[in-house]
Amino acid sequence: METNKIRFRQFAYDSDHQTICQYHRDHMKINFPKDFFDEDIFLETLKREWQEEPEGMFVVQDTSSAPPRDVGFLWLNTKFSPHRKAKFGDVHYVHLIPEYRGRGVGRLLMQKADEYFGSKGVKTLRLGTAASYSASIKLYEKCGYQRTRVIFEKEL
Ligand SMILES: CC(C)(COP(=O)(O)OP(=O)(O)OC[C@H]1O[C@@H](n2cnc3c(N)ncnc32)[C@H](O)[C@@H]1OP(=O)(O)O)[C@@H](O)C(=O)NCCC(=O)NCCS
């Protein structure tokens, strides 16, 4: 796989939601294994946010095979912060299927997020991830993100 064969196409709910649901199941296992994955709630949120900002959801494709293969998903949301009185970009979700990880494709997703929000005049980008997942933390730090918030959890 060469990174110059990676392309982004717009997500379409009807034809893509089952694939993205599979990705999300894997995503939850990696990042939040204690959390229960409710497929109905996930799909409801996916559909609602797609209807609100359809141009912010992208299926990642490897075009080196014919037909192109779906290999990941990028979900971007433009939000408003009442505290900053400004828009911010929520990098809601980045996901690659296992065999495409660790090969430079994650960086391309983060560049796409920069371009997307840049074209919308957004100045600040935000994202969150599991504290235990070093791949995503490394990727975000290498792409210029800094830690500004930490969430603590405790079991009683
Ligand atoms: C997180 C994820 C998107 C990273 O994408 P990726 O394609 O694997 O990352 P890249 O290959 O572009 O690597 C980017 C940088 O992160 C570092 N990195 C990537 N995976 C790493 C790992 N497992 N351990 C340490 N560093 C890692 C690389 O060293 C690289 O830096 P470099 O180019 O200077 O060497 C991908 O692993 C993934 O889809 N994981 C499952 C879904 C998920 O949990 N997503 C994020 C949660 S919010």
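Right, let's walk through the structure included here. From a predicted model like this one, the values you see are computed outputs, not experimental measurements. (Residues numbered from 1 in each chain as written. Predicted model: local features only at pLDDT ≥ 70, side-chain atom pairs only at ≥ 80, totals over all residues.)

1. Digging into the overall build of the protein chain
Move 1: Scanning the protein chain from terminus to terminus reveals 4 helices and 5 strands.
Move 2: In the protein chain, the succession of helices and strands from N to C terminus is β-α-α-β-β-β-α-β-α.
Move 3: For a compact globule of 156 residues, the expected C-alpha radius of gyration is about 15 Å, and the protein chain comes in at 16 Å, within 12% of that figure.
Move 4: Once the C-alpha set of the protein chain is aligned to its principal axes, its extents read approximately 50 × 40 × 30 Å.
Move 5: The buried share among the 156 residues of the protein chain stands at 20%.
Move 6: A fraction of 62% describes how many contacts in the protein chain between residues 6 or more apart in sequence connect residues 24 or more apart. (Helix = DSSP H or I, 4+ residues; strand = E, 2+ residues; numbered from the N terminus. Rg over C-alpha atoms; globule rule 2.2 N^0.38 Å. Buried ≥ 20, exposed ≤ 12 C-beta atoms within 10 Å, placed from the backbone. Contact = placed C-beta atoms within 7 Å.)

2. Describing the site of the ligand
Move 1: Neighbouring the ligand are 21 residues; L96, R101, G106, A135 and K138 lie closest to it.
Move 2: At the level of secondary structure, the elements contributing two or more residues to the shell around the ligand comprise helix 1 (13-31), strand 4 (86-96), helix 3 (105-119) and helix 4 (134-142).
Move 3: The element that contributes the greatest number of residues to the shell around the ligand is helix 4, accounting for 6 residues.
Move 4: Tallied by class, residues from the shell around the ligand come to 7 nonpolar, 9 polar and 5 charged. (Near = placed C-beta within 6 Å. Nonpolar A, V, L, I, M, F, W, Y, C, P; charged D, E, K, R; others polar.)

3. Things to note about the sheet that holds strand 5 (residues 124-126)
Move 1: Here we have 5 strands laid out as an open sheet, ordered 1-2-3-4-5, and mixed in their pairing. Either end of the sheet is taken by a strand with one partner, and the two such strands are strand 1 (6-10) and strand 5. Pairs of neighbouring strands in the sheet enclose a mean axial angle of 30 degrees, with direction left out of account.
Move 2: The sheet contact formed by strand 4 and strand 5 spans 3 bridges and is parallel. By the bridge assignment, G89 is partnered in strand 5 with L125.
Move 3: The sheet strands contacting helix 1 are strand 2 (57-62), strand 3 (69-81) and strand 4, and the helix crosses strand 3 at an angle near 85 degrees.
Move 4: Against the sheet, helix 3 touches strand 1, strand 2, strand 3, strand 4 and strand 5, its axis set at about 35 degrees to strand 3. (Pairing = 2+ DSSP bridges. Axes fitted to C-alpha atoms, helices over the stretch in contact; angles between N-to-C directions.)

4. Section: the pairing of strand 3
Move 1: As judged from the 6 bridges shared by strand 2 and strand 3, these two strands associate in the antiparallel manner. Note on strand 3: the bridge partner recorded for Q61 is D70.
Move 2: Alignment of strand 3 against strand 4, held across 10 bridges, turns out to be antiparallel. Each residue of the ladder has a partner; that of L74, found in strand 4, is V94.
Move 3: Where strand 3 folds back onto strand 4 in an antiparallel hairpin, the turn is made up of 4 residues, including K85, whose phi is positive at roughly 50 degrees.

5. Quick look at the nonpolar core
Move 1: Ranked by internal contacts, the top residues of the largest apolar core, which has 24 residues, are V60, F73, L74, L76 and A113.
Move 2: Secondary structure elements with two or more residues in this core: helix 2 (39-52), strand 2, strand 3, strand 4 and helix 3.
Move 3: Not counting chain neighbours up to four residues away, the residues in contact with V60 comprise I6, F8, V71, G72, F73, L74, L96 and L109. (Core = buried A, V, L, I, M, F, W, Y, C linked by C-beta atoms within 7 Å.)

6. Here's the deal with the packing of helix 1 against helix 2
Move 1: For the pair helix 1 and helix 2, the least separation of the axes is 11 Å and the interaxial angle reads 130 degrees. Here helix 1 is positioned oblique relative to helix 2, judged by the angle of their axes. Handedness of the helix 1/helix 2 crossing: right-handed. In this structure, helix 1 contributes Y13, H17, I20, C21 and H24 to the contact, and helix 2 contributes E39, F42, L43, L46, K47 and W50.
Move 2: Here the residues of the contact of helix 1 with helix 2 sort into 7 nonpolar, 2 polar and 2 charged. (Parallel < 35°, antiparallel > 145°, perpendicular 65-115°, else oblique. Left-handed = near helix turned anticlockwise from the far one by under 90°.)

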